[in-house]
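Here are the chains, one letter per residue:
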Amino acid sequence: TQRLEQSPRFLSIQEGQDFTARCSSSTTFPQLYWYRQVPREGPVILVTLVKSGEVKEQRRMTAKFGEARKNSSLFIARAQPGDAGIYFCTRASSSFSKLVFGQGTSLSVVP
Amino acid sequence: EAAVTQSPRSKVAVTGGKVTLSCHQTNNHDYMYWYRQDTGHGLRLIHYSYVADSTEKGDIPDGYKASRPSQENFSLILELASLSQTAVYFCASSEGQGAGQLYFGEGSKLTVL
């Protein structure tokens, strides 16, 4: 199965706190993508992870790809209200023709 | 300027009625997709297409048809709308096989009464 498990499903934090979303699968990911969705809009890609053990840093965000290619984490430091939304991890299907989405981590940031 | 536009943005339909959701992209992408989003289920793929005049079934195609008359346009058709099809529908496009970076529209909220 290509099912993706994300945790936590819901999280509310204070502004300035750190946030980590996790994603895992029983099968390996050929590639992994993180998207963020805000209300009344479609998801927007944040980062692409391709190599085992890869780490990508963008401003306050750090994304990691597990060595075994079965898990990933997305870390946001000093969260701001503008970081709120649903964070999805996604992977390509085995045929590489489509994306499979996790159920998402819904983040709210309280000022 | 939005590269993937959907219409209508919101629609109320009656059970048994026909609904057509339209999507237009200016990305010059070959791949287009229709996803459905329900609370607690993330996004699930209904139909997709990689070339005009051809469509493929996704993970939940039952009750839906799709049409790709041109590279730019991709429609989702509900011939007999049902209550269970109340959801937000997203269209997306991507450059090619691999489907890594999808560009989504703003969504179409469908309510079936």
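Anything mentioned here points back to the structure above.
Residues numbered from 1 in each chain as written. Chains lettered and ligands numbered in written order. Predicted model: local features only at pLDDT ≥ 70, side-chain atom pairs only at ≥ 80, totals over all residues. Heavy atoms only, no water.

(A) Here's a closer look at the overall build of chain B. Along the backbone of chain B there are zero helices and 11 strands. Secondary structure elements of chain B occur, N-terminal to C-terminal, as β-β-β-β-β-β-β-β-β-β-β. Oriented by its inertia axes, the alpha-carbon framework of chain B measures out at about 35 × 25 × 25 Å. Considering only contacts within chain B whose residues lie at least 6 apart along the sequence, 54% involve residues at least 24 apart. Roughly 5,300 Å² of accessible area belongs to chain B as shown, and the carbon and sulfur atoms make up 48% of that amount. If the 9 positive side-chain charges of chain B are averaged to one point and the 11 negative ones to another, these points end up 10 Å apart. (Helix = DSSP H or I, 4+ residues; strand = E, 2+ residues; numbered from the N terminus. Contact = heavy atoms within 4.5 Å. Areas by Shrake-Rupley, 256 points an atom, 1.4 Å probe, with all protein chains shown as cover. Lys, Arg positive; Asp, Glu negative; His and termini not counted. Charge placed at Lys NZ, Arg CZ, Asp CG, Glu CD.)

(B) Quick peek at the state of the cysteines. Residue and element names in this part refer to chain A. For the structure on display, the rule yields two disulfides over all chains. The disulfide partner of Cys23 is Cys89, and the S-S distance across this bridge is 2.0 Å. Handedness of the Cys23-Cys89 disulfide follows from its S-S torsion of about 70°: it is right-handed. Residue Cys23 is found in strand E3 (residues 19-24), and its partner Cys89 is found in strand E9 (residues 85-92); the two are separated by 66 residues along the sequence. Exposure remark for Cys23: the relative accessible area of 2% places this residue in the buried category. (Disulfide = S-S within 2.5 Å. Buried < 20%, exposed > 50% of the residue type's maximum accessible area, 1.4 Å probe, protein only.)

(C) Summary view of the packing of aromatic side chains. By the definition in use, this model includes 13 aromatic pairs over all chains. When the ring of Phe101 of chain A is compared with that of Tyr35 of chain B, the centres are 5.3 Å apart and the planes differ by 75°; the resulting orientation is edge-to-face. Placement of Phe101 of chain A in strand E10 (residues 99-101) and of Tyr35 of chain B in strand E4 (residues 31-37) is noted, with the two residues assigned to different chains. The exposure classification of Phe101 of chain A matches that of Tyr35 of chain B, with both residues buried. Every member of this aromatic cluster is reached through a ring pair, and the members are Tyr35, Phe88 and Phe101 of chain A together with Tyr31, Tyr33, Tyr35, Tyr48, Tyr50, Phe90 and Phe104 of chain B. (Phe/Tyr/Trp six-rings, centres within 6.5 Å; stacked < 30°, edge-to-face > 60°.)

(D) Broad picture of the layout of surface pockets. By volume, the largest pocket is sized at about 470 Å³. Considering the residues around the largest pocket, the lining is formed by 27 residues, among which Gln37 and Ile86 of chain A together with Gln37, Thr39 and Val88 of chain B are closest to the centre. Among the elements that take part in the lining of the largest pocket, E9 of chain A stands out by supplying three residues, more than any other. A class-by-class count of the residues in the lining of the largest pocket yields eight nonpolar, 12 polar and seven charged. (1 Å grid on protein atoms, 1.4 Å probe; cavity = no way out; pocket = protein on both sides within 12 Å on 5 of 7 lines; lining within 4 Å. Points joined across faces, edges and corners; volume = space filled by probe spheres on them. Nonpolar A, V, L, I, M, F, W, Y, C, P; charged D, E, K, R; others polar.)

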